[in-house]
Amino acid sequence: MPKAYVYTRHGGPETEAFADVDRPVPGPGELLVAVRAAGVNPVDWKLRTGFRRPGEGEARFPVVLGSEAAGVVEEVGEGVTGFAVGDEVFGNAPAGAFAEYALLTASVTAHKPAALSFTDAATLPVAAATAYDGVRQLDLPEGATLLVTGAGGGVGAAAVQIARAWGLRVVGLASAAKKDFVESLGAVHVPSGPGLAERVRAAAPQGVDAVYDLVGGEVLAEAAGLLADRTKLITAGAAPDTVAALGGSRVERARTAAVLDEVAELVVGGELDPHVSRTFPLDEAGQALRTVEDGHARGKVVIEVAA
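Here is what the cut-offs are and how they apply
Residues numbered from 1 in each chain as written. Predicted model: local features only at pLDDT ≥ 70, side-chain atom pairs only at ≥ 80, totals over all residues. Heavy atoms only, no water. Helix = DSSP H or I, 4+ residues; strand = E, 2+ residues; numbered from the N terminus. Buried < 20%, exposed > 50% of the residue type's maximum accessible area, 1.4 Å probe, protein only. Polar contact = N/O pair within 3.5 Å; in protein donor to acceptor, adjacent residues only side chain to side chain. Contact = heavy atoms within 4.5 Å. Pairing = 2+ DSSP bridges. Right-handed = clockwise from strand over helix to strand, strands pointing away. Axes fitted to C-alpha atoms, helices over the stretch in contact; angles between N-to-C directions. Parallel < 35°, antiparallel > 145°, perpendicular 65-115°, else oblique. Left-handed = near helix turned anticlockwise from the far one by under 90°. Nonpolar A, V, L, I, M, F, W, Y, C, P; charged D, E, K, R; others polar. Phe/Tyr/Trp six-rings, centres within 6.5 Å; stacked < 30°, edge-to-face > 60°. 1 Å grid on protein atoms, 1.4 Å probe; cavity = no way out; pocket = protein on both sides within 12 Å on 5 of 7 lines; lining within 4 Å. Points joined across faces, edges and corners; volume = space filled by probe spheres on them.

Novice: For this particular structure, what's the right way to read the side chain of Thr 123?
Specialist: Within the secondary structure, Thr 123 is located in the loop between α2 (118-121) and α3 (124-138). When its relative accessible area of 2% is taken as the criterion, Thr 123 is described as buried. There is a polar contact of 2.7 Å between the side chain of Thr 123 and the backbone oxygen of Asp 120. Apart from the residues within four sequence positions on either side, Thr 123 is in contact with Glu 68, Ala 128, Pro 274, Val 276, Lys 300 and Val 302.

In structure tokens:
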């Protein structure tokens, strides 16, 4: 039977385990994919602790971990067009991705360009697509200044690069340990921690035109004070009511294959580097998740699955 990495109840890492599972059967609008790589994201361990996305029902255990994957189409579900068995694809995996097989939602799946590796493709559906959606939502003119909080993480690193590709000046808030990494992305680094607003003003004396927050909490609140126009405050790191109270909004996710095509072309064109910092085999899925959950990963962590 195919192998998958699951959690058996809500809680900490002790709830995780490998399990033999039935090979999934694609329903209408779905693709069955033989996984070659799966991206690891903070949302994966947050779901394990009990976090639920808006509109998401209760978990049915065991739950396969992982939200994004790249692989080869094995079966095509009813009503799906534009895909065939053998196609190399990448997309969102709502039923889990840390497995030998995964179901992808066809409407949020794209064909993988030949020049894009499975490993890099697996980083795009969650982090890079979220970054793309947010920068596009802000709709800033060329030359404007964008503050990205959490600039050293997967979404942050992608947001910095996409913003730079679109002609924006970027100030990246991240830990001192990530200074070199953030600067390598083309951003002006500002160390995180209390008093960040003063340091941002020193780094950008002309002010910032928008804030893309990926941290939430006190960081979001202090960053909001830097803006004259709070409609240019967006977050993927805080709840809708929290950011609304500050005059901002959540990132509006497009969740389309067209966005995946766009970010893939940015990678192929050299404007976006997924910055995969570490890879793990499926047998070490737990260690891969710990690397992200500990909060010290630079860029992206990917689980690779042997063919």
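Novice: I keep staring at the pairing of strand β10 (residues 169-174) and nothing clicks. Help me out?
Specialist: Within β10, 5 of the 6 residues are buried, which leaves it mostly tucked inside the rest of the structure. One ladder, built from 5 bridges, connects strand β9 (residues 145-149) with β10; its direction is parallel. By the bridge assignment, Thr 145 is partnered in β10 with Arg 169. In this view, the connection linking β9 to its parallel neighbour β10 by way of helix α4 (residues 154-165) has right-handed handedness.

Novice: Where do I start with the side chain of Thr 235 in this structure?
Specialist: By the secondary structure assignment, Thr 235 is in strand β13 (residues 233-235). A polar contact of 2.8 Å, which involves the side chain of Thr 235, links it to the backbone nitrogen of Gly 237. When sequence neighbours within four positions are dropped, the list of residues in contact with Thr 235 reads Asp 213, Leu 220, Val 243, Ser 249, Arg 250 and Val 251.

Novice: I would appreciate a short explanation of the packing of α3 against α4 in the present structure.
Specialist: Think of two packed helices as two axes; the pair is described by the angle between the axes and how far apart they sit. As a packed pair, α3 and α4 sit with axes 8 Å apart at the nearest point and diverge in direction by 45°. One finds that α3 runs oblique with respect to α4. Like other packed secondary-structure pairs, α3 and α4 cross with a definite hand, here right-handed. Note on element contacts: α4 touches α3 through Gly 154, Val 155, Ala 158, Ala 159, Ile 162 and Ala 163, opposite Ala 127, Ala 128, Thr 130, Ala 131, Tyr 132 and Val 135. Along the lines of polarity and charge, the residues of the contact of α3 with α4 split into 10 nonpolar, 2 polar and no charged.

Novice: In this structure, what is going on with the sheet that holds strand β1 (residues 3-7)? I would like to understand it.
Specialist: To summarise the sheet geometry, strands pair through backbone hydrogen bonds and adopt either a parallel or an antiparallel arrangement. Strand order in the open sheet formed by 3 strands is β2-β1-β4, and the pairing between neighbours is antiparallel. The two strands at the open ends of the sheet, each matched to only one other strand, are β2 (16-20) and β4 (63-64). Judged from the 5 bridges that link them, β1 and β2 form a sheet pairing that is antiparallel. Following the sheet pairing, Ala 4 is matched in β2 by Ala 19. Sitting on the sheet, helix α10 (residues 285-293) touches β1 and β2, and the angle it makes with β2 is about 145°.

Novice: When you look at the packing of aromatic side chains in this model, what are you seeing that I'm missing?
Specialist: Under the criterion given, the structure shown has 3 aromatic pairs. Aromatic pair Tyr 5 and Phe 18: ring centres 4.7 Å apart, planes at 55°, arrangement tilted. In this pair, Tyr 5 sits in strand β1 while Phe 18 sits in strand β2, placing the two residues 13 residues apart along the sequence. On the accessibility criterion, Phe 18 (36% relative accessible area) is partly exposed. Geometrically, the ring pair formed by Tyr 132 and Trp 166 is edge-to-face, given 5.3 Å between the ring centres and 75° between the ring planes.

Novice: I tried to follow the environment of Ala 177 on my own but got confused; where do I start?
Specialist: Of note, Ala 177 is situated in the loop between β10 and α5 (179-184). Judged by its relative accessible area of 54%, Ala 177 is exposed. Distance in space between the C-alpha atoms of Ala 177 and Pro 191 is 8.8 Å, their sequence separation being 14 residues.

Novice: It is not clear to me how empty space enclosed by the protein should be interpreted in this structure. Could you clarify?
Specialist: Leftover empty space is mapped by rolling, across the atoms, a probe with the size of a water molecule. One pass over the structure, following the stated rule, counts 2 cavities of 30 Å³ or more. Of the pockets and cavities examined, the largest cavity occupies roughly 60 Å³. Along the walls of the largest cavity sit 13 residues, with Ala 128, Gly 154, Ala 158, Asp 273 and Pro 274 positioned nearest its centre. The leading source of residues in the lining of the largest cavity is α4, at 4 residues. In terms of residue class, the lining of the largest cavity is built from 7 nonpolar, 4 polar and 2 charged. As for the second largest cavity, its lining consists of Asn 92, Val 108, Pro 125, Ala 129, Arg 253, Arg 255, Thr 256, Val 259 and Leu 260. For the lining of the second largest cavity, the elements supplying multiple residues, two or more each, are α3 and α9 (257-268). Here the residues of the lining of the second largest cavity sort into 5 nonpolar, 2 polar and 2 charged.

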